[in-house]
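Secondary and tertiary structure notes
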Amino acid sequence: MSFNEIIGGVCAPKGFKASGIHCGIRKNRTKNDLALIYSEVPASSAAVYTTNLVKGAPLTVTKNNLASSGGIAQAVICNSGNANTCNANGVEIAQAMCELTGQALNIKPENVLVGSTGVIGQPLDIEPIKNGIPELVSKLTSDFSGSNLACEGIMTTDTVKKEVAVEFDLGGKSCKIGAIAKGSGMIHPNMATMLIFITTDAAISSEYLQAALSENVQDTFNMISIDGDTSTNDMTVILANGMASNAKITSRDENFEVFKSALKFISVKLCRMLAGDGEGATKLLECHVTGANDIPTAKTVAKSVICSSLFKAAMFGADANWGRVLCAIGYSGAKVDVTKIDVAFESEAGKIDVCKDGAGIDFSEEVAKNILLKPEINILISLNSGNNEATAWGCDLTYDYVKINGDYRT
């Protein structure tokens, strides 16, 4: 199935506008700290959230709004610079953000979804947001610039903007999906990840949109790890306004599967962007496991390798220490036959086998180092026990990770 990648981000689908401004939450006036996404018409909506017991107030409000609106939303507002988490008045502030946005857009507050990202445990003043919303609304545009500004408005320690869009066919109608994301550290999701806002002009019911999103994250966003920390504010939201005029998806038919494939296409793109921009990272790591006796085993192995601090450090040093791969597989809890495992490293510089049947083999350390010096590294693991596979994404562990997080709050 082919998908045509296009520009536009969240503004690529019909009927969506976006904007971003600096309202004063951040001290640095060169960085946007408030973002808005708006659909010209009410949209079917769905979301997934962090499973951390400590949750940001915006997640509670977003979940309540979707429940009270029957899965219909028309706007998303999000601030950076403050997570609005562990605050006594956090829910009140998040609700106020929805109310103020609803008033400015002339829509119901329950049709507004809300997100926040930044430092945990610091009070969030509503005044800068209240004062900024009129400008935020006035700058809404369907141009790619709107998506750009919104993307900047949700960034924290990110070093690059993360935007993607794709065009595909549903029953003879051209449909589009666009997305923006933020995430650089505190990424080890379980059920959701980072902050990801997705728009589509495809027509699909809220029920099946939720099903598509929930299934999608299991093979994409849940397979990323930067540092082993599951954030308090992880949330993925999708809005589908139906303006592509395709026959509405209300069952698990062929069109539902096409939609899921398009959603996975953009999700994998974002996974690679997010993992490659891990805090302090110099390399994107992609671990592909094949030959597993079932999918859970493949996922467990891939994620364990990506999460290994020792292996991540070895990749930073371009050290072909394949023993750390075997070590991570061994403590993963997956039931595998260690004597059947093969491991290889691959990059644009080539591919080299480093382990066969669970044991070391002769290989050139010089060639291996040259392969591992590249910015994107593939770790290829074959369990040779079945026909199932999985992929996980991560990054190397560098000195800069500690520097960034050593004084993140101060």
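Residues numbered from 1 in each chain as written. Predicted model: local features only at pLDDT ≥ 70, side-chain atom pairs only at ≥ 80, totals over all residues. Heavy atoms only, no water.

1. Brief notes about helix α10 (residues 365-372)
Looking at α10, one finds that the buried residues are A368, I371 and L372. The buried residues of α10 occupy an angular sector of 90° when the element is viewed end-on, so they sit on one face. If you follow the buried residues of α10, they end up packed against α8 (309-316), β11 (342-347), β12 (350-356) and β14 (376-382). (Buried < 20%, exposed > 50% of the residue type's maximum accessible area, 1.4 Å probe, protein only. Helix = DSSP H or I, 4+ residues; strand = E, 2+ residues; numbered from the N terminus. Arc of directions from axis to C-beta. Contact = heavy atoms within 4.5 Å.)

2. Let's talk about the packing of helix α7 (residues 295-307) against helix α9 (residues 323-330)
The N-to-C vectors of α7 and α9 enclose an angle of 130°; their axes lie 8 Å apart at closest approach. One element, α7, and the other, α9, form an angle in the oblique class. Crossing hand, α7 versus α9: right-handed. The segment α7 lies against α9, with V301, S304 and V305 engaging V325, A328 and I329. In terms of residue class, the contact of α7 with α9 is made up of 5 nonpolar, 1 polar and no charged. (Axes fitted to C-alpha atoms, helices over the stretch in contact; angles between N-to-C directions. Parallel < 35°, antiparallel > 145°, perpendicular 65-115°, else oblique. Left-handed = near helix turned anticlockwise from the far one by under 90°. Nonpolar A, V, L, I, M, F, W, Y, C, P; charged D, E, K, R; others polar.)

3. Quick word on the sheet that holds strand β13 (residues 359-360)
Strand order in the open sheet formed by 6 strands is β13-β12-β11-β14-β10-β15, and the pairing between neighbours is mixed. Of all the strands in the sheet, just β13 and β15 (388-395) have a single pairing partner and so form its edges. Judged from the 7 bridges that link them, strand β10 (residues 284-292) and β14 form a sheet pairing that is parallel. Paired with V289 across the bridge in β14 is I381. Relative to the sheet, α7 contacts β10, β14 and β15, its axis offset from that of β15 by approximately 20°. (Pairing = 2+ DSSP bridges.)

4. Comments concerning helix α1 (residues 57-69)
Between the first and last C-alpha of α1 there are 18 Å, a value that for 13 residues agrees with the 18 Å anticipated at 1.5 Å per step. Residues of α1 that are buried include every one of A57, P58, L59, V61, T62, N65, L66 and S69, and no others. Looking at the buried residues of α1, the elements they touch are β3 (34-49), β4 (72-80), α2 (90-105), β5 (112-117) and β9 (235-240). Note on α1: the residue one or two positions beyond its end, G70, has a positive phi of about 70°. (Expected span 1.5 Å × (residues − 1).)

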